[in-house]
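Summary of structural features
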Amino acid sequence: MGNSGETNSTHRAGKFVSWIGPPILVIFFMTSLSKGLIPAGVPGEWTWNAPATAITVLEVIPAIITLTTLIVFSMIGERFLESRPKRAIVVLSLFPLTAAVQAGWQMAAPQGYGLAKWPIATYNPGSSGYFAKARDEIGDVSDFLRQYPEWIKNQDVLHTGTHPPGLFVEARRILNFWNSHPAEAGAFMAWMPGELREAAKAAKPGGTPVVEQASVVTLALVRWLASALTVWPIWLIMRRLERTPLTSFRTALLWGVVPSSVLFQPASDLLFPVLACSAVAMSLTASATPGLRNRVIDPVLAGIVLAIGMYFSLVFLAVGALVALVVLADDHSKGLRIKCTRIGWIGFGFLVGTLAWAVAGRTDPLAIWLANQAKHAGFYKAYPRSYWPWLLADFIESAAGLGLPAALSFAITLSQAIFRRSGLYRHRVALASIAILAILAISGRSLSEVGRLWLPFFPFLLTSALPDYQMPRESSLDYRWILIWSAVQIFWLQALVQCVYPI
């Protein structure tokens, strides 16, 4: 009886905090940020810039429409989850709905910082440089890949020097496509929204060639759609963690109100969450589908996805470590030997995928990765970071980037699971993510810009952001409350911080 009383008391306290916490957190944090009481980084070393234009009433309208669309969809979708055929429709609809919602938030940004930033930031070498390098320095892609291990050594320690060739090749391939279809490029741009069209033209002083306009817009659209596509592997992860359809649906829908997934459009980092989530989803044991697919095919595919990720970014080293931790924590496996076998199949898939792009490009992945790692270390030599201030800043930026309401719900849900000492198995993806991110921060290998750099891990934290709701009607207001205040934070944050234009 005593334990039951303590559990009920803990539940009531958690429910109270979950209601009073989001408005207090959002209002306090955003007010403090606007007044400079909370810096957007570490002053004197590096901070996010503020937008040059302010929010007007014209941006309030799309914000209200976007939030209303999200809430209405969540209410309708929840009613469809009880039937398998209808559930399939809802899950399939998650992708286009999330794409629409994330585009809606762009329309609610200050003028010049919504859809307009997509082509301008992609084109501008100061924002990342992948497109500019691909246009100016890549002729034949095969020659570029073959020479990449030496070429990368002469690049900077910022964006271009720290990445494998995937982002450059992606930009060059898209540019080659539109160069081969110049007439279609003009038609493509004529079909785009006016804000995108005008911004693409203005990306280059004096006017941008139409082929380049189409290329940078296409690159931006790929990031937007890749980000929205993350909802499907999130759903799969949740189901393989044996979470209810209701909780899985709500968790996937939360991705549409993660501030980092909105403010960092069209950064290349938005490509990585869907790959990271797919790798983790396929590494998880699917108890409902035992057999060859579960034992061999899924883990091999997970390894191949990790290899694709490593073609684009070294962040997939950390994702690979997370995958290993998640597999080792799998209660479905019968012993360490079976878990190690699964990791072995993942490793096999990784080798196959890596050899495929190494042979196709006649290049040396290991040499590339070592050069990238040296450039990454060179960044901290060129731009030293104060350790303790950045540890605190990393924590704050992670919570803000995930969304303060979701971060609070995450803390409550995980704390209750630990307090009850039950169900931690279902939180192993989030716990493994916390461990990896803590190692990255404490080791000093990831200080600053974690709102962008840790984007691939934010979906994993979301897997523990919500409890397994047993009474949908009673919990619907709790969930909608998180959506509302997450939307408020995004709208407010866009008025205070811009993340993709050159600093």
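Calculation notes
- Residues numbered from 1 in each chain as written.
- Predicted model: local features only at pLDDT ≥ 70, side-chain atom pairs only at ≥ 80, totals over all residues.
- Heavy atoms only, no water.
- Salt bridge = Lys/Arg side-chain N within 4 Å of Asp/Glu carboxyl O.
- Helix = DSSP H or I, 4+ residues; strand = E, 2+ residues; numbered from the N terminus.
- Buried < 20%, exposed > 50% of the residue type's maximum accessible area, 1.4 Å probe, protein only.
- Core = buried A, V, L, I, M, F, W, Y, C linked by side-chain atoms within 4.5 Å.
- Contact = heavy atoms within 4.5 Å.
- Expected span 1.5 Å × (residues − 1).

Remarks on the pattern of salt bridges
Considering all chains together, one arrives at 16 salt bridges under this definition. Ionic pairing is found between Arg-223 and Glu-170, a salt bridge with its closest N-O pair at 2.8 Å. Within this pair, whereas Arg-223 is found in helix H10 (residues 210–229), its partner Glu-170 is found in helix H7 (residues 166–180), the two being separated by 53 residues in sequence. For the residue pair Arg-223 and Glu-170, the accessibility class agrees, reading buried in each case. A salt bridge links Arg-452 to Asp-269; the nearest nitrogen and oxygen atoms lie 3.2 Å apart. Residue Arg-452 is found in helix H22 (residues 450–453), and its partner Asp-269 is found in the loop between helix H13 (259–263) and helix H14 (272–283); the two are separated by 183 residues along the sequence. Taking relative accessible area as the criterion, Arg-452 reaches 9% and is therefore assigned buried. The class for Asp-269 is buried, based on a relative accessible area of 6%. Via salt bridges that share partners, Glu-78, Arg-250 and Arg-480 belong to a single interconnected network.

Describing the nonpolar core
With 149 residues, the main nonpolar core has Trp-105, Ile-237, Leu-254, Phe-316, Phe-457 and Phe-460 as its most contacted residues. For this core, the leading source of residues is H10, giving 10 residues. Not counting chain neighbours up to four residues away, the residues in contact with Phe-457 comprise Val-315, Ala-318, Val-319, Leu-322, Ser-433, Ile-436 and Leu-437. Core analysis: the next-biggest nonpolar cluster, separate from the first, contains five residues, Ala-109, Tyr-113, Val-500 and Tyr-501 among them.

A look at helix H21 (residues 428–442)
With 15 residues, H21 extends 21 Å between its outermost C-alpha atoms, agreeing within 8% with the 21 Å of an ideal straight helix rising 1.5 Å per residue. Burial in H21 covers these residues: Arg-428, Val-429, Ala-430, Ala-432, Ser-433, Ile-436, Leu-437 and Ala-441. Those residues of H21 hidden inside the fold are in contact with helix H11 (231–240), H14, helix H16 (315–328), helix H19 (387–402), helix H20 (404–420) and helix H23 (458–462). Two residues or fewer after H21 comes Gly-444, characterised by a positive phi angle close to 80°.

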